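Chain residues, written in single-letter form:
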Amino acid sequence: MISFLIRKLITDKKTNKKKDPSALRYAVCKLLGYVGIALNFFLFVSKYSIGYMVGSVAIKGDAINNLTDFMSNIISILSFKIAEKPADKEHPYGHERTETIAALFMGMIIVYLGIEMLRQSIEKIIHPSPVHFEWAAVAVLILSICVKLYMYSYNHKYGIEYNSDLLLANALDSRNDTLGTLLVLVSTLVSPLIHYDLDGVVGIIVSAIILFSAWGLLKDVINTLLGEAPSADQVNQIVDTIMESPMVIDVHDIAVHSYGPKYTYATAHVEVDGTLGLIDVHSEVDRLERKVYKDMNIELVTHVDPVILDDVQTNLLEDKVASSVAKMGDRWTIQDFRIEKRTRRTHIFFDLVVPYEEKKTAEEIAEAIRQTFDSPEKYKIELRLVHPFS
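So, how was this worked out
- Residues numbered from 1 in each chain as written.
- Predicted model: local features only at pLDDT ≥ 70, side-chain atom pairs only at ≥ 80, totals over all residues.
- Heavy atoms only, no water.
- Helix = DSSP H or I, 4+ residues; strand = E, 2+ residues; numbered from the N terminus.
- Rg over C-alpha atoms; globule rule 2.2 N^0.38 Å.
- Buried < 20%, exposed > 50% of the residue type's maximum accessible area, 1.4 Å probe, protein only.
- Areas by Shrake-Rupley, 256 points an atom, 1.4 Å probe, with all protein chains shown as cover.
- Phe/Tyr/Trp six-rings, centres within 6.5 Å; stacked < 30°, edge-to-face > 60°.
- Lys NZ or Arg CZ within 6 Å of the ring centre and 35° of its normal.
- Expected span 1.5 Å × (residues − 1).
- Arc of directions from axis to C-beta.
- Contact = heavy atoms within 4.5 Å.
- Core = buried A, V, L, I, M, F, W, Y, C linked by side-chain atoms within 4.5 Å.
- Pairing = 2+ DSSP bridges.
- Axes fitted to C-alpha atoms, helices over the stretch in contact; angles between N-to-C directions.
- Salt bridge = Lys/Arg side-chain N within 4 Å of Asp/Glu carboxyl O.
- pLDDT = per-residue confidence, 0-100.
- Patch = residues over 30% accessible without salt bridge, like charges linked within 9 Å, V, L, I, M, F, W, Y side chains within 5 Å.
- Parallel < 35°, antiparallel > 145°, perpendicular 65-115°, else oblique.
- Nonpolar A, V, L, I, M, F, W, Y, C, P; charged D, E, K, R; others polar.
- Polar contact = N/O pair within 3.5 Å; in protein donor to acceptor, adjacent residues only side chain to side chain.

## As for the overall build of the protein chain
Phase 1 of the analysis: When helices and strands are tallied, the protein chain shows 11 helices and 6 strands.
Phase 2 of the analysis: Here the C-alpha atoms of the protein chain give a radius of gyration of 30 Å, more than 25% beyond the 21 Å that 2.2 N^0.38 yields for 390 residues.
Phase 3 of the analysis: Along the first, second and third principal axes, the C-alpha atoms of the protein chain reach 95 × 55 × 35 Å.
Phase 4 of the analysis: By residue count, 45% of the 390 residues in the protein chain fall in the buried class.
Phase 5 of the analysis: In the structure as shown, the protein chain presents an accessible area of about 20,900 Å², 61% of it carried by carbon and sulfur atoms.

## Thoughts on the packing of aromatic side chains
Phase 1 of the analysis: With the rule as written, the count across this model stands at 7 aromatic pairs.
Phase 2 of the analysis: Centre to centre, the rings of F44 and Y48 are 5.8 Å apart; their planes meet at 35°, and the pair counts as tilted. Taken together, the residues span about one helical turn, with F44 and Y48 both in helix α2 (residues 21-54) at a distance of 4 residues.
Phase 3 of the analysis: Classification of Y48 as partly exposed rests on a relative accessible area of 32%.
Phase 4 of the analysis: On the numbers, 6.2 Å between centres and 10° between planes, the contact of Y158 with Y162 is stacked. Here the two residues Y158 and Y162 agree in accessibility, since each one is buried.
Phase 5 of the analysis: Taking the ring centre of F349 as reference, the NZ or CZ of R338 above it sits at 4.3 Å.

## Structural notes on helix α10 (residues 312-328)
Phase 1 of the analysis: The end-to-end C-alpha distance of α10, which contains 17 residues, comes to 25 Å, matching closely the 24 Å that a straight helix rising 1.5 Å per residue would cover.
Phase 2 of the analysis: Buried within α10 we find T314, L317, V321, S324 and V325. Looking straight down α10, one finds its buried side chains confined to an arc of 100°; they lie on one side. Exposed residues lying more than 90 degrees from the buried face of α10 are V312, L316, D319, A326 and K327.
Phase 3 of the analysis: On its buried side, α10 packs onto β4 (333-341), β5 (346-353), α11 (362-370) and β6 (379-386).

## Examining the nonpolar core
Phase 1 of the analysis: The biggest cluster of nonpolar side chains holds 46 residues, and the ones touching the most others in it are I2, V28, L32, Y154 and Y158.
Phase 2 of the analysis: Of all the elements in the fold, those that place two or more residues in this core are α1 (2-11), α2, α3 (57-83), α4 (97-126), α5 (135-161), α6 (165-194) and α7 (199-226).
Phase 3 of the analysis: Tallying contributions element by element places α2 first for this core, with 11 residues.

## Some words on the sheet that holds β6
Phase 1 of the analysis: Pairing in this open sheet of 3 strands is mixed, and the strands run β4-β5-β6 from one edge to the other. For this open sheet the edge positions go to β4 and β6, each flanked by a neighbour on one side alone. Sheet twist, expressed as the mean angle between neighbouring strand axes with direction ignored, is 15°.
Phase 2 of the analysis: The strands that α10 touches are β4, β5 and β6; relative to β4, the one it contacts most, it runs at about 140°.

## With respect to the sheet that holds strand β3 (residues 299-307)
Phase 1 of the analysis: Taken in spatial order, the 3 strands make up an open sheet running β1-β2-β3, and their pairing is mixed. In the strand order of this sheet, the two ends are held by β1 (248-258) and β3, each with one partner. Looking at each pair of strands side by side, their axes are set apart by 15° on average, direction ignored.

## Things to note about the pattern of salt bridges
If the charged atoms of two oppositely charged side chains come close together, the side chains can form a pair.
Phase 1 of the analysis: Per the stated rule, a full pass over the model turns up 14 salt bridges.
Phase 2 of the analysis: In this structure, K148 engages D69 in a salt bridge whose closest nitrogen and oxygen atoms are separated by 2.9 Å. Of this pair, K148 sits in helix α5 while D69 sits in helix α3, placing them 79 residues apart in sequence.
Phase 3 of the analysis: Classification of K148 by relative accessible area gives buried; the value is 1%.
Phase 4 of the analysis: Connected via shared salt-bridge partners are D69, K148 and D177.

## Examining the confidence of the model for the protein chain
Phase 1 of the analysis: Taken residue by residue, the protein chain gives an average pLDDT of 84. The fraction at 70 or more is 95%.
Phase 2 of the analysis: Taken element by element, the predicted model of the protein chain shows its lowest mean pLDDT in α1 (72) and its highest in helix α9 (residues 278-296) (94).
Phase 3 of the analysis: Contacts from residues 13-19, a stretch scored under 50 in pLDDT, to residues over four places away or in other chains number 9 contacts.

## As for a nonpolar patch on the surface
Phase 1 of the analysis: Together, I125, L193, I194, Y196, V201 and I205 give the surface a local cluster of nonpolar side chains, amounting to about 570 Å² of exposed area.
Phase 2 of the analysis: Assignment of secondary structure puts I194 in helix α6.
Phase 3 of the analysis: With relative accessibility at 45%, the residue I194 sits in the partly exposed group.

## Comments concerning the packing of α4 against α6
Phase 1 of the analysis: Remark: α4 packs on α6, axes separated minimally by 8 Å, with the N-to-C direction vectors making an angle of 20°. What the angle tells us is that α4 and α6 run roughly parallel. Each of E99, T100, A102, A103, M106 and I110 in α4 lies in contact with α6, whose residues at this interface are D165, L166, A169, N170 and D173.
Phase 2 of the analysis: Split into classes, the residues belonging to the contact of α4 with α6 amount to 6 nonpolar, 2 polar and 3 charged.

## A few points about the side chain of T241
Phase 1 of the analysis: For T241, the position within the fold is in helix α8 (residues 232-243).
Phase 2 of the analysis: Judged by relative accessible area, T241 falls into the buried class, the value being 7%.
Phase 3 of the analysis: Of the polar contacts made by the side chain of T241, one reaches the backbone oxygen of Q237; its length is 2.9 Å.
Phase 4 of the analysis: The residues contacting T241, other than those within four sequence positions of it, are L288, K291 and V292.

What follows is the structure in structure tokens.
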């Protein structure tokens with residue numbers, strides 16, 4: 001059904017996929033929101049009516065969950081409308097993180113739902129009330145499972161296709177709803193057979209599932225907002241593209257910042273022969289930046305590090321520092337090494353790559369390295385601590 005609606009309502013009439021994939025993305029996401037509104041409202045009305053009829057807190061709680069999903073779909077549509085707005089003066093990186101913020105809000109709603117359902121379930125165990133078996137309840141629950149499985153499938157499919165945190169959050173919620181409703185169905189069928197009301201017990205299990213899924217969702221969303229490390233594949237692709245240039249000696253200090261599927265920025269330090277002309281180097285790194293954007297849709301900014309390749313004193317001091325660093329940590333490496341010969345002493349500059357868990361300060365490490373020299377008073381070490389691919 002979703003593919004049919006996309007083909008008839010979006011692709012043919014409003015958006016051409018090949019010309020404007022971004023507009024297609026938001027049109028599809030909003031369409032899924034409208035479909036979710038219709039399906040969730042139908043499930044809420046049908047399940048709450050049945051739950052009230054048979055006196056089941058689990059069925060009514062499941063219905064309230066659908067009502068929450070209904071409201072979440074409204075929030076999703078509003079967030080997609082905001083997220084598709086282009087960059088402006090106040091928001092130069094666009095508005096796409098609105099999706100992630102909406103997913104965070106959904107996670108908090110799911111937490112509230114789980115806690116409320118847990119409270120009602122405990123009350124039902126302490127103060128049990130009779131549950132009246134109705135085949136209509138069984139039919140509605142089976143229908144709900146089928147609908148939620150369908151909602152999971154299309155939200156998961158298009159969430160991956162369009163890299164949408166919000167659609168993936170909807171998919172996760174639909175999957176948990178399916179499992180929760182399945183447990184409610186089991187309780188509805190088994191309780192009359194064993195002459196014991198499982199409604200409150202199943203309600204506790206469902207609430208635990210809801211809270212566990214909320215924890216996973218909130219953790220992923222918060223990591224996105226805080227800024228996750230780029231994937232190894234993404235970093236390696238940037239490195240491979242830059243290292244294809246015969247002018248580049250090495251590349252390091254790669255940082256990637258994502259503001260949504262449309263806006264991704266990266267920075268990289270590129271080492272080149274210090275004797276090359278500035279214009280030639282600029283032309284080459286400019287070409288590399290355009291190539292990364294074309295191949296990966298990433299706005300790359302490069303910092304050029306000129307390297308002196310055939311200076312004897314530079315090479316000797318670099319070997320000395322590298323030897324000292326190797327004794328201090330097996331995962332420590334140096335980069336951007338250069339020296340400045342001044343009147344009273346030689347200044348040594350370099351970046352030191354250390355693990356994230358290292359606690360020593362740059363000043364402490366610099367002094368420890370300087371003391372390994374034969375005449376430490378003749379040298380001043382100015383190092384910068386960096387982390388792998390930071």
